Amino acid sequence: MKLRCLVIDDEPIARKGLEEYVADVPYLQHMGSFENAVEAASYLSKHPIDLIVLDIRMPKLSGIDFLKSLMEPPLVILATAYPDYALESYSLDVIDYLLKPIAFERFLKATQKAFDFQLLKQQGIEKRPDYFFIKVNHQFEKISYADILYIEAMQNYCIVHTPDKKLITYLTLTHMQEKLPANRFMKVHKSYIIALEKIQALDGNILVIGSGRIPISRTFKNDFMNRIMGNNLLKR
């Protein structure tokens, strides 16, 4: 396994040094370098990346603001000459915080942490089953994630809607959301969680999924539009 890696730094000498470090680490694959975060954001919207080595103080958009803007950021190692941002950076779940000038040994240690984290993450995904069980009446029903259209809250119960049946279980919507994979499901209303891949249309504030019409509340509308539409919206 190799981590697809980007270098983002506005200083040419620092950028070149980081590129050389990346080239010397066998489990890293250098995919590109950028002198500002705006250009990098455009690249990220079209190409999968596992790891970013990111400077903080850059023109146009700082590394911290760039990281905050990403909906699903890859692993990030911050490389900066300024120690002031360490506390804030760890609240953003960065893998490591490197102070310039960076010794290769320190860089290697940081990337090894990223590699180990990615490996564990992949192993967890591979082992995770694609189904779960819920208690319906007096028996346990097996439900595949792929069969779920949406889940509806009804007081302390949930209704799981599939193409051919509705299953009522004594669980809260919050509990269901905690157990569902976040990359496949999204809460769009206080009473609804939808399967992202089952969306057929958006009519104003109403989602069409199968025969169901699901409202999107204001609280979730912006996140939904950014996540689902994003660069997938074709318009003139």
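Because the structure is predicted, anything quoted here is derived from the model rather than measured.

**Some points on helix α1 (residues 12–23)**
For α1, built from 12 residues, the straight-helix expectation of 16 Å at 1.5 Å per residue is met to within 8% by its first-to-last C-alpha distance of 16 Å. Within the span of α1, buried status applies to A14, R15, L18 and V22. The buried residues of α1 occupy an angular sector of 100° when projected down its axis, which confines them to one face. Those residues of α1 that are exposed and aimed more than 90 degrees away from the buried face are P12, I13 and A23.

**Things to note about the packing of aromatic side chains**
What the rule picks out here adds up to 9 aromatic pairs. A network of ring pairs unites the aromatic residues Y21, F104 and F107 as a single cluster. The lysine or arginine in question, K142, covers the ring of Y131, its NZ or CZ lying 4.2 Å from the ring centre.

**So, the pattern of salt bridges**
All told, the structure shown has 9 salt bridges when counted by the stated rule. For the salt bridge of R4 with D50, the shortest nitrogen-to-oxygen distance reads 3.0 Å. Linking R4 in strand β1 (residues 3–8) with D50 in the loop between α2 (37–44) and β3 (51–54), this pair joins segments that are 46 residues apart in sequence. With relative accessibility at 9%, the residue D50 sits in the buried group.

**What about the side chain of T111?**
Relative to the helices and strands, T111 resides in helix α5 (residues 104–127). When its relative accessible area of 0% is taken as the criterion, T111 is described as buried. Side-chain polar atoms of T111 contact the backbone oxygen of L108, separated by 3.0 Å. Discounting chain neighbours no more than four positions away, the residues touching T111 are V25, Y27, L28, L51 and I77.

**With respect to the sheet that holds strand β12 (residues 192–195)**
On the basis of which strands lie adjacent, the open sheet formed by 5 strands has the order β10-β9-β8-β12-β11 and antiparallel pairing. The sheet is open, and its two borders are formed by β10 (166–169) and β11 (185–189), each paired with just one other strand. Between one strand axis and the next, the sheet turns by 25° as a mean value, whatever way the strands run. As defined by bridge partners, strand β8 (residues 150–154) adjoins β12 across 3 bridges and the pair is classed as antiparallel. Among the inter-strand pairings, Y150 is bridged to a residue of β12, identified as I194.

Rules used in this analysis
- Residues numbered from 1 in each chain as written.
- Predicted model: local features only at pLDDT ≥ 70, side-chain atom pairs only at ≥ 80, totals over all residues.
- Heavy atoms only, no water.
- Helix = DSSP H or I, 4+ residues; strand = E, 2+ residues; numbered from the N terminus.
- Expected span 1.5 Å × (residues − 1).
- Buried < 20%, exposed > 50% of the residue type's maximum accessible area, 1.4 Å probe, protein only.
- Arc of directions from axis to C-beta.
- Phe/Tyr/Trp six-rings, centres within 6.5 Å; stacked < 30°, edge-to-face > 60°.
- Lys NZ or Arg CZ within 6 Å of the ring centre and 35° of its normal.
- Salt bridge = Lys/Arg side-chain N within 4 Å of Asp/Glu carboxyl O.
- Polar contact = N/O pair within 3.5 Å; in protein donor to acceptor, adjacent residues only side chain to side chain.
- Contact = heavy atoms within 4.5 Å.
- Pairing = 2+ DSSP bridges.
- Axes fitted to C-alpha atoms, helices over the stretch in contact; angles between N-to-C directions.

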